[in-house]
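# Descriptive analysis of the structure
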Amino acid sequence: MPHRYLFLLLLGCLATVSQAQQYRIIDRNAIGWYTYNGDHKVAKRWTIHTEYQWRRVDFIQSWQQQLARLGTNYKLSERVKVGGGYTLLVTYPYGDYPVASMGVPTLEHRAYEDITVSDKLGRLKLSHRFRLEQRWLSVESDANPDRIIDWEYQNRARYQLTGSFPLAGPTTEPGELYLNFFDEIFIGFGRNVENNIFNQNRISGGLGYQLRDNLQLELNYLNQITQHPESDPVSGKPVFEINHGFRLNLNYDLDFTKR
């Protein structure tokens, strides 16, 4: 009897998944993200954050997005830091159902504020980052898509869990490998978000190499699930991107307080 109930439960789950897929459009892309991050120390507790992301589809052949970020961080304690800054994002037409649906890149300006809490469980180093974003998304003219006629304001909250684990010893020293991963969820809120409350989720994991004390290179598998802000105009179904690929990341921190 228990086996019969289990079989019926599995059938019900499969039917639910199948029905959900019938009421949404899935746009799949192969992505390659090439990124740089740097936190540069300018005072005892202050760092300048610099970041650039070169995001491609078909792994490297075509544009997906490019992102530039500049900010500051303040160290409250050994485990807690706060930060804020500015982000510029350019999204290009890509995929079967492009967000940049008028055939030209769209722009987004953001302000952000965040708090990061570090933790350690044995050799495993963890960090929790909570971020709020104020977003201004470009609205293009129907008659001339190259002309921006307005900016739509949205709010978004993000939570990221990051971890690293040394493979050679209790800590990662130059010339050694380590495992790393992160998962981040994006939630939209406010007047203009409408049904796009779940914005996206990213999960990534792979191998890192400690080149120097302030320099790491990481190669990760990356999975990105994104819900488009607008439904497909023909069918009226919501559009979800499921993107698989890799992320090649360079971390390089400079200390400008040293003479």
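No experiment lies behind these values; they were computed from the predicted model shown.

What counts as what
- Residues numbered from 1 in each chain as written.
- Predicted model: local features only at pLDDT ≥ 70, side-chain atom pairs only at ≥ 80, totals over all residues.
- Heavy atoms only, no water.
- 1 Å grid on protein atoms, 1.4 Å probe; cavity = no way out; pocket = protein on both sides within 12 Å on 5 of 7 lines; lining within 4 Å.
- Points joined across faces, edges and corners; volume = space filled by probe spheres on them.
- Helix = DSSP H or I, 4+ residues; strand = E, 2+ residues; numbered from the N terminus.
- Nonpolar A, V, L, I, M, F, W, Y, C, P; charged D, E, K, R; others polar.
- Patch = residues over 30% accessible without salt bridge, like charges linked within 9 Å, V, L, I, M, F, W, Y side chains within 5 Å.
- Areas by Shrake-Rupley, 256 points an atom, 1.4 Å probe, with all protein chains shown as cover.
- Salt bridge = Lys/Arg side-chain N within 4 Å of Asp/Glu carboxyl O.
- Phe/Tyr/Trp six-rings, centres within 6.5 Å; stacked < 30°, edge-to-face > 60°.
- Buried < 20%, exposed > 50% of the residue type's maximum accessible area, 1.4 Å probe, protein only.
- Lys NZ or Arg CZ within 6 Å of the ring centre and 35° of its normal.
- Pairing = 2+ DSSP bridges.
- Axes fitted to C-alpha atoms, helices over the stretch in contact; angles between N-to-C directions.

### A look at the layout of surface pockets
A volume near 1100 Å³ is recorded for the second largest pocket. Contributions of two or more residues to the lining of the second largest pocket are made by strand S3 (62–75), strand S4 (80–91), strand S5 (106–121), strand S6 (124–140), strand S7 (148–166), strand S9 (198–212), strand S10 (215–227) and strand S11 (239–252). Among the elements that make up the lining of the second largest pocket, the one with the highest residue count is S6 (5 residues). Taken together, the residues of the lining of the second largest pocket sort by class into 15 nonpolar, 16 polar and 13 charged.

### Focus on a nonpolar patch on the surface
A cluster of nonpolar side chains, namely Phe-165, Leu-167, Leu-177, Leu-179, Leu-207, Tyr-209, Leu-211, Leu-217, Leu-219 and Leu-248, defines an oily patch on the protein surface of about 790 Å² accessible area. At the level of elements, strand S8 (177–189), S9 and S10 are the ones that each hand at least two residues to the nonpolar patch. Looking at the secondary structure, you find Leu-219 in strand S10.

### Some points on the packing of aromatic side chains
If you walk through the whole model with that rule in mind, you get 8 aromatic pairs. With a centroid separation of 6.1 Å and 20° between ring planes, the pair formed by Phe-59 and Phe-246 is classed as stacked. Within this pair, whereas Phe-59 is found in the loop between strand S2 (46–57) and S3, its partner Phe-246 is found in strand S11, the two being separated by 187 residues in sequence. Judged by its relative accessible area of 24%, Phe-246 is partly exposed. Taken together, the ring pairs connect Tyr-34, Trp-54, Phe-59, Trp-63, Tyr-92 and Phe-246 into an aromatic cluster. Between Arg-55 and the ring centre of Trp-33, over which it is positioned, the NZ or CZ distance is 4.0 Å. Note that Arg-131 overlies the ring of Tyr-112, its terminal NZ or CZ placed 4.4 Å from the centroid.

### A closer look at the sheet that holds S9
Ordered in space as S1-S2-S3-S4-S5-S6-S7-S8-S9-S10-S11, the 11 strands form a closed barrel in which the pairing is mixed. In this sheet, neighbouring strand axes are inclined to one another by 20° on average, regardless of whether the strands run parallel or antiparallel. Judged from the 16 bridges that link them, S6 and S7 form a sheet pairing that is antiparallel. By the bridge assignment for S7, Ser-127 is matched with Thr-162.

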